[in-house]
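# Structural characterization, general
Residue strings, one per chain:
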Amino acid sequence: MTATDTPPLHTDAVPPAPAAAPRRRRLSERRAKILAFAVLTAPMLIGLGIFRYVAIGWSFLLSFSEARRTIALGDWVGLDNYQQLLSDERFRGSLTMIVLFTALIVPLTFAASLGLAVLVNRVRRGRAFFRTAFLLPAAVSYVAAAMIWKMSLFSGVPSGLANTLGALFGADPTPWIQTQSPPLYWIVLVTLRLWLQVGLYMILFIAGLQSIPRHLYEAAELDGAGPWRTFRSITFPMLRNTSVAILLLMLIAALQAFDEFYTIFSTGASLGSEPVRTPLMHLYGVALQDQDYGVGSAGAFLLTLLIVLVTLLQGRILGFARDKD
Amino acid sequence: MTSTLDAPRTAPRPAGVKRPPRASRLRGTLLGSVLTYLALCLLAAVCLIPFYMLLRNALMTTPEVTSTDWQWLPGALHWENFTGLFDNPERPFGRSLMNSLIIAVVTAPVATLFASMAGYALARIAVPGRAVVLALIVGTLMIPQAVTFLPTFVVVGSMGGVNTMWGLIAPGLFNAFAVVLFRSFYLSFPAEIEEAGRLDGLSHLGVYRRLILPNSTTMIASLGALSFIDAWNSFLWPLMIGQDPNSWTVQIALSSFLTSQTVDLPELFAGTVVAILPLVIMFLVAQRHIVQGIAMSGLKS
C-alpha cells in the first residue's frame with residue numbers, strides 16, 4: 001500500500017479563502033469535520049440501527065408476547081414462550097444435538113487444519129498448488145456440498161461412492177443418511193463440514209505460522225530437536241493467539257449450523273418430521289411454518305445465550321491456561 | 001508474548017540424549033520431505049474427489065449415474081444436462097442465477113464501500129462522540145449472526161420486503177466487522193497523504209474520495225471478494241425472504257431439486273456445477289485477495 005498510485009491532485013481547486021477571523025474559521029472547520037463524519041458513518045449507522053438494533057429490540061419484546069401470525073406487540077405473556085420452548089422435547093433435543101456436533105467437529109477441524117498448515121508450510125515447491133487444492137472446497141456453498149454428499153458420495157443406493165468402495169470389501173449398501181443407530185449420518189455431516197472448512201482455517205494457521213520468528217527454529221535445530229519436539233515446544237506455543245481466535249470462530253460457526261443439516265434432512269421430509277435438526281432449524285420451523293414469532297424470538301435469544309456461554313467457557317479455560325505460563 | 005523467551009529455553013535436549021549423527025539426520029530430512037509430499041498429494045486427492053464425482057455425474061446419463069458398475073468417466077459428454085436445467089418451468093433456474101448474480105454484484109461493492117466510509121471516519125476524523133459511534137457499531141458484533149435472522153425477518157417483513165430484491169439485499173449491506181477491519185487499516189495509514197490533500201484545499205470528503213479510496217484498493221478487493229462469496233453462498237436468509245420461485249437465489253433453486261417429485265440426477269449435478277462455478281473460478285483467479293481477506297478477518301476477531 002504505497003501512495004505512488006495516487007491520482008494527481010486537482011490543481012484547479014479553490015484555495016482556502018483567507019479567513020477574516022481565525023476563530024470563525026476554526027468553528028466552520030469543526031462543523032465541516034462533524035458533517036463529514038456524519039455523512040461517512042450515516043449509511044452504516046442507519047443500516048445497523050434498523051437491521052440490528054430495532055430488529056433485536058423488537059424481537060426481544062416479541063419473545064415476551066403472544067405473537068402468532070402477527071408481529072404486533074401487546075399481548076404480553078411473560079416468560080411463557082421461553083417455558084414452552086424449554087419444555088419442548090424436540091428443541092431440547094436439538095440443543096443436545098448441536099452441542100454434540102460442536103464437540104465433534106471443532107477438535108477435528110482444528111487438528112486437521114493445523115496439520116495441513118504445518119505440512120503445506122514445510123514444503124518449498126508446489127506450496128501454491130496444495131494451498132489451492134485445500135482451499136477450493138471453501139468456494140462451495142453448504143447447499144452444493146450437501147447435494148454432492150447426499151446424492152453422490154453417501155447416497156444410500158449401491159452406486160454411491162461410499163457404497164461402491166464398501167462393495168470392494170464385500171459390504172452391503174448402507175443408507176448412510178437414514179441410519180440412526182449406529183448414527184452413521186454423523187459421518188456424512190462431519191466429513192462435509194470438515195471438507196468445506198479445513199482450507200479456510202488452514203490459511204489462518206499458515207498466516208500464524210509465518211509470523212513465528214525463524215531464529216527459534218534455527219536454535220531448535222542446532223539443539224538437535226526433532227520435528228515433533230519442535231512442534232510441541234515452539235510452533236504450538238507460538239500459535240497460541242491464532243489458535244484461540246480460530247477456536248472461537250469454529251465454535252460459533254458450529255453452533256449456528258443450518259444449511260447442510262436443512263438440505264440433507266429437511267428437504268423432502270415434511271418440516272417438523274426431520275430426524276435430525278439443529279436449533280436454528282427448529283426456530284426456522286417455528287417462525288416460518290407455524291408463524292409463531294413470539295416463540296421463535298425466544299428461541300433466538302436462548303440460542304444466543306448458549307453461544308455466549310460456550311464462548312465464555314472457552315475464554316475461561318484458555319484464560320486459565322494463559323495465567324499459568 | 002512471554003513464550004518468545006521461553007521457547008528457546010525449552011529447546012536444549014535433556015542430558016543423556018545423544019545427538020544423532022549428521023548423515024542420518026540428512027537422510028531423515030530427505031525421508032521426511034518425501035513423506036510430507038506423499039501425504040500432501042494423498043490429502044489433496046481426497047479433497048478433490050467431491051469435485052471429480054460432481055463433474056463426472058453432471059456429464060453422465062441417469063443410467064450411468066445409478067449404475068453399480070463403476071465408471072471412471074462418462075461414456076459420452078452429456079452437455080444437454082446443462083441446457084436442460086434452464087427449460088424447467090417448475091424451477092426457474094436461469095432466473096435464480098440472475099437473482100444471485102444481482103445480489104452478489106450489488107452487495108460486494110456497496111457493503112465494502114459503506115464499511116470503508118465508516119471505518120475511515122472512525123479512524124481519522126476526530127469529532128466529539130466518536131467513541132460512542134464506534135461502540136454502537138462494535139456492539140452489534142456481540143450477537144451471533146445467525147441469531148439475528150428472525151429479528152431481521154420481522155423488520156423486513158413488516159416493511160414489505162418478503163419476495164423483493166431489496167429485502168434479499170438490504171440486511172447484508174451492513175457489515176460491522178468490516179468496519180473494524182477498515183478502521184484498523186486506516187489507523188495505520190500515513191498521515192502525509194491526507195495533509196497534502198488538505199493543503200490542496202480538499203474537503204474531508206474530497207480527501208476520502210480522491211486520496212483514501214484509491215489507496216485502499218487491495219483492502220477493498222480482499223473484503224469485497226469475501227463479501228461476494230458470502231452473498232452468493234448465503235442460504236438461510238434467501239430461504240426466508242425468497243418464498244416465491246421468482247425471487248429464489250441459485251442456492252434455493254438447487255435445494256429445490258431434493259423436494260421435487262422425480263429427481264433428475266444428472267441435472268441435479270449439472271445445477272450444482274453451475275452454482276459453484278463462479279466462485280471456483282474466482283478462487284482460482286483472485287486467490288491472493290481471498291487468502292489475504294481470510295487471513296485478515298480471521299485473525300482480527
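About the criteria used
- Residues numbered from 1 in each chain as written.
- Chains lettered and ligands numbered in written order.
- Predicted model: local features only at pLDDT ≥ 70, side-chain atom pairs only at ≥ 80, totals over all residues.
- Heavy atoms only, no water.
- UniProt positions renumbered as here; feature names shortened; annotations may be inferred.
- Helix = DSSP H or I, 4+ residues; strand = E, 2+ residues; numbered from the N terminus.
- Buried < 20%, exposed > 50% of the residue type's maximum accessible area, 1.4 Å probe, protein only.
- Contact = heavy atoms within 4.5 Å.
- Areas by Shrake-Rupley, 256 points an atom, 1.4 Å probe, with all protein chains shown as cover.
- Core = buried A, V, L, I, M, F, W, Y, C linked by side-chain atoms within 4.5 Å.
- 1 Å grid on protein atoms, 1.4 Å probe; cavity = no way out; pocket = protein on both sides within 12 Å on 5 of 7 lines; lining within 4 Å.
- Points joined across faces, edges and corners; volume = space filled by probe spheres on them.
- Nonpolar A, V, L, I, M, F, W, Y, C, P; charged D, E, K, R; others polar.
- Patch = residues over 30% accessible without salt bridge, like charges linked within 9 Å, V, L, I, M, F, W, Y side chains within 5 Å.
- Salt bridge = Lys/Arg side-chain N within 4 Å of Asp/Glu carboxyl O.

Looking at an unreviewed UniProt entry, one finds chain B named Carbohydrate ABC transporter permease, with Streptomyces triticagri as its source organism. Word for word, the UniProt comment on chain B under Sequence similarities (unreviewed entry) is "Belongs to the binding-protein-dependent transport system permease family." UniProt annotates chain B under Subcellular location (unreviewed entry) with the comment "Cell membrane".

You'll find chain A entered in an unreviewed UniProt entry as Sugar ABC transporter permease, with Streptomyces triticagri given as the organism. Quoted straight from UniProt, the Sequence similarities (unreviewed entry) entry for chain A says "Belongs to the binding-protein-dependent transport system permease family." Under the UniProt heading Subcellular location (unreviewed entry), the entry covering chain A gives this text: "Cell membrane".

What follows deals with the overall build of chain A. For chain A, the helix and strand inventory stands at 13 helices and 0 strands. In chain A, the order of α-helices and β-strands from amino to carboxyl end is α-α-α-α-α-α-α-α-α-α-α-α-α. The proportion of buried residues among the 325 residues of chain A is 49%. In chain A, the proportion of contacts linking residues at least 24 apart, taken out of those at least 6 apart, comes to 67%. Approximately 15,700 Å² of chain A is accessible, and the part contributed by carbon and sulfur atoms is 64%.

Position of Ala55 of chain A relative to the elements: it lies in helix H1 (residues 22-62). Here Ala55 of chain A falls in the buried class, since its relative accessible area comes to 1%. Those residues in contact with Ala55 of chain A, other than ones at most four positions away along the chain, are Ile50 of chain A together with Pro151, Thr152 and Val155 of chain B.

Before going further, it helps to examine unusual backbone geometry. One non-glycine residue, Gln291 of chain A, adopts positive backbone phi at about 50 degrees. With a phi close to 65 degrees, Asn163 of chain B is a non-glycine residue in the positive phi region. Looking at the secondary structure, you find Asn163 of chain B in the loop between helix H7 (149-158) and helix H8 (165-169).

Membership of the largest hydrophobic core comes to 191 residues, with the highest contact counts inside it found for Met44, Phe101, Phe134 and Phe258 of chain A together with Tyr186 of chain B. For this core, the leading source of residues is helix H7 (residues 185-210) of chain A, giving 16 residues. What Phe101 of chain A contacts, discounting residues up to four positions off in sequence, is Trp186, Leu189, Val190, Arg193, Ala254, Ala257, Glu260 and Phe261 of chain A.

Here the focus is empty space enclosed by the protein. Per the counting criterion, the structure on display carries 4 cavities of 30 Å³ or more. In this model, the largest cavity occupies a volume close to 50 Å³. Together, Ser159 and Thr164 of chain A together with Arg56, Glu64, Val65, Ser67, Thr68, Asp69, Trp70 and Gln71 of chain B line the largest cavity. Within the lining of the largest cavity, the residues separate by chemical class into 2 nonpolar, 5 polar and 3 charged.

In terms of burial, helix H5 (residues 142-153) of chain A is a largely internal element, 11 of the 12 residues being buried. When we look at burial in H5 of chain A, the residues that qualify are Tyr142, Val143, Ala144, Ala145, Ala146, Met147, Ile148, Trp149, Lys150, Ser152 and Leu153 of chain A.

Turning our eyes to something else, we now look at a nonpolar patch on the surface. Residue and element names in this part refer to chain B. Judged by side-chain polarity, Met98, Leu101, Ile102, Val105 and Val106 come together as a nonpolar surface patch covering roughly 380 Å² of accessible area. Within the element layout of this structure, Met98 appears in helix H5 (residues 93-124). Overall, the relative accessible area of 47% leaves Met98 in the partly exposed class.

What follows is about the environment of Leu62 of chain A. Tracing the sequence through the fold places Leu62 of chain A in helix H1. Take Leu62 of chain A: its relative accessible area is 0%, and that puts it in the buried class. What Leu62 of chain A contacts, discounting residues up to four positions off in sequence, is Ala67, Ile71, Ala72, Leu73, Asn81, Tyr293, Gly294 and Ser297 of chain A together with Val154 of chain B.

On to the UniProt feature "transmembrane region" (unreviewed entry) in chain A, then. All names here are of chain A. This chain's UniProt record puts "transmembrane region" (unreviewed entry) on residues 34-55, 95-120, 132-149, 184-207, 238-258 and 293-313. This span, residues 132-149, is 67% helix and 0% strand, and a straight line between its end C-alpha atoms measures 21 Å. Within the segment residues 293-313, helix and strand shares are 100% and 0% respectively, and the terminal C-alpha atoms sit 30 Å apart.

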